[in-house]
Amino acid sequence: SLPAKLINGGIAGLIGVTCVFPIDLAKTRLQNQQNGQRMYTSLSDCLIKTIRSEGYFGMYRGAAVNLTLVTPEKAIKLAANDFFRHHLSKDGKPLTLLKEMLAGCGAGTCQVIVTTPMEMLKIQLQDAGRIEAQKKLMAAQAQIPSSPAAAAAQPAAETRPTATQITRELLRSKGIAGLYKGLGATLLRDVPFSIVYFPLFANLNKLGQKDPNVKAPFYVSFLSGCVAGSTAAVAVNPCDVIKTRLQSLQRGVNEDTYSGILDCTRKIWQREGPTAFFKGAYCRALVIAPLFGIAQVVYFVGIAEFLLDMLPKRQA
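Residues numbered from 1 in each chain as written. Predicted model: local features only at pLDDT ≥ 70, side-chain atom pairs only at ≥ 80, totals over all residues. Heavy atoms only, no water.

In the nomenclature of an unreviewed UniProt entry, the protein chain corresponds to Mitochondrial glutamate carrier 1 from the organism Pycnonotus jocosus. Listed in UniProt under the heading Subcellular location (unreviewed entry), the comment for the protein chain reads: "Mitochondrion inner membrane". UniProt annotates the protein chain under Function (unreviewed entry) with the comment "Mitochondrial glutamate/H(+) symporter. Responsible for the transport of glutamate from the cytosol into the mitochondrial matrix with the concomitant import of a proton. Plays a role in the control of glucose-stimulated insulin secretion." (UniProt positions renumbered as here; feature names shortened; annotations may be inferred.)

The structure is reproduced here in structure tokens:
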């Protein structure tokens, strides 16, 4: 049933995001840093420096936004894929690869309704610590005097904005369109991702089914989700780098600004080289693999059906 699918998708998203969010934060920071002002050298270096400067919970900056909106996002994504697969199938015959890709395309297109504002807000909160650390480093390199007078002349530390404050400011200055900055880049990432992910998962999961009418074991669904998710994540990482750069409202010192997808692509290629399009690729694979592995296990095991069956049934 549709309610069960929505509940399963939501629970899957909540569990997955909670497990992998620190890696996602590292991915955002690695993708946003540009040549000349590199704060972090690797995933582990980013996480260690984040804990030292911002504490353990600094790794979960922006998690509240993700946890709030990931439920409708994952629910829409998984339920939409099932919806399109159902309507593209005829007489119960297996879907062709092309139809599986079309179903994935439809799911990816539907989910950006929630994904774009969620990613927009999350990126601002995740990257705020990197920008603040960069400013402190630049100040230290400038050897600012430590006298009381000089200290008094320093501006007070900036208060990091909350998701609510960012949302209000964007709505006030740009309207609803402000929350959908980078919509084109999000589509450019999520549609190809779903085109690759869903058919690959379906076919890998099918290998673990002894009977077409019986669900595959949970570990098969988990491994299928991990393999399909990491493959699709690396394949579309260049689009994810472009999306992250376009959706970042704050820039570090001497970092480029971009007017659109083509301008961003050109500047990254010319100033950072083609390898820059794969910044954070292994982080993204580490995020997406367990995220979608967990999502597919929850979704296919059917926790929601169990919960719904426990509700009091109406008397006939």
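*Asks:* Honestly, the side chain of E54 in this entry has me stumped. Any pointers?
*Replies:* Mapped onto the fold, E54 is located in helix α2 (residues 43-54). Engagement of the side chain of E54 in a polar contact is seen with the side chain of R29, the distance being 2.9 Å. Once residues within four sequence positions are removed from consideration, E54 is found in contact with R29, R61, G129 and R160. (Helix = DSSP H or I, 4+ residues; strand = E, 2+ residues; numbered from the N terminus. Polar contact = N/O pair within 3.5 Å; in protein donor to acceptor, adjacent residues only side chain to side chain. Contact = heavy atoms within 4.5 Å.)

*Asks:* Is there a simple way to explain the nonpolar core in this structure?
*Replies:* Among soluble globular proteins, nonpolar side chains are generally buried collectively. Core analysis: the biggest nonpolar cluster contains 31 residues, and L43, F193, Y197, I288, L291 and F292 have the highest contact counts within it. For this core, the secondary-structure elements that each account for two or more residues are α1 (2-32), α2, α3 (63-88), α4 (97-141), α7 (183-207), α8 (218-235) and α11 (281-301). Counting residues per element, this core draws most heavily on α1, at six residues. In this structure, F193 is in contact with K77, G229, A232, A233, V236, R284, I288 and F292, ignoring residues within four places of it in sequence. (Core = buried A, V, L, I, M, F, W, Y, C linked by side-chain atoms within 4.5 Å. Buried < 20%, exposed > 50% of the residue type's maximum accessible area, 1.4 Å probe, protein only.)

*Asks:* Help me out: how do you make sense of the packing of aromatic side chains in this one?
*Replies:* Two aromatic rings are characterised by how far apart their centres lie and by the angle between their planes. Inspection of every chain in the model, using the stated rule, returns eight aromatic pairs. Consider the rings of Y56 and F57, whose centres lie 5.4 Å apart with planes at 80°: the pair is edge-to-face. On the basis of relative accessible area, Y56 is assigned to the partly exposed category, the value being 47%. Here the aromatic rings of Y56 and Y60 are separated by 6.1 Å at their centres, their planes lie at 45°, and the arrangement is tilted. Taken together, the ring pairs connect F21, Y56, F57 and Y60 into an aromatic cluster. (Phe/Tyr/Trp six-rings, centres within 6.5 Å; stacked < 30°, edge-to-face > 60°.)

*Asks:* Even after reading the chapter, I still don't get a nonpolar patch on the surface, so can you show me in this structure?
*Replies:* Residues F218, Y219, F222 and L223 make up a contiguous nonpolar surface patch of about 430 Å² in total accessible area. In this fold, F222 is placed in helix α8. Exposure remark for F222: the relative accessible area of 31% places this residue in the partly exposed category. (Patch = residues over 30% accessible without salt bridge, like charges linked within 9 Å, V, L, I, M, F, W, Y side chains within 5 Å. Areas by Shrake-Rupley, 256 points an atom, 1.4 Å probe, with all protein chains shown as cover. Salt bridge = Lys/Arg side-chain N within 4 Å of Asp/Glu carboxyl O.)

*Asks:* So what exactly am I meant to see when it comes to the pattern of salt bridges here?
*Replies:* Any two side chains of opposite charge can pair, so long as their charged atoms come close to each other. For the structure shown, the criterion picks out 18 salt bridges. Between K243 and E119 there is a salt bridge, with the nearest N and O atoms lying 2.8 Å from each other. With a gap of 124 residues between them, K243 in helix α9 (residues 237-247) and E119 in helix α4 connect regions that are remote in the sequence. Of the two residues, K243 and E119, both sit in the buried class.

*Asks:* Is there a simple way to explain α3 in this structure?
*Replies:* One full turn of an α-helix is made of 3.6 residues, so residues set three or four places apart face in the same direction. Its 26 residues place the ends of α3 36 Å apart at the C-alpha level, agreeing with the 38 Å of an ideal helix rising 1.5 Å per residue. Of all the bends found along α3, the most pronounced is centred on V70 and spans about 40°, while P72, a proline, follows it within four residues. (Expected span 1.5 Å × (residues − 1). Bend = angle between axes of the 7 residues up to and from the residue.)

*Asks:* Whenever I open this one, the side chain of K267 confuses me. Can you help?
*Replies:* Take K267: it is sitting in helix α10 (residues 261-272). Filtering out sequence-adjacent residues up to four positions away, K267 remains in contact with D256, T257, Y258 and E272.

*Asks:* Explain the packing of α7 against α9 to me, please; I cannot follow it from the model alone.
*Replies:* Relative orientation and spacing of two packed helices are given, respectively, by the angle between their axes and the distance between those axes. In contact at an axis separation of 9 Å, α7 and α9 are set at 160° when each is read in the N-to-C sense. By the angle between their directions, the pair α7 and α9 is classed as roughly antiparallel. In this structure, the crossing between α7 and α9 has a hand that is left-handed. From α7, A185, T186, L188 and R189 reach across to α9, where they touch C239, D240, K243, L246 and Q247. Its residues assigned to classes, the contact of α7 with α9 shows four nonpolar, two polar and three charged. (Axes fitted to C-alpha atoms, helices over the stretch in contact; angles between N-to-C directions. Parallel < 35°, antiparallel > 145°, perpendicular 65-115°, else oblique. Left-handed = near helix turned anticlockwise from the far one by under 90°. Nonpolar A, V, L, I, M, F, W, Y, C, P; charged D, E, K, R; others polar.)

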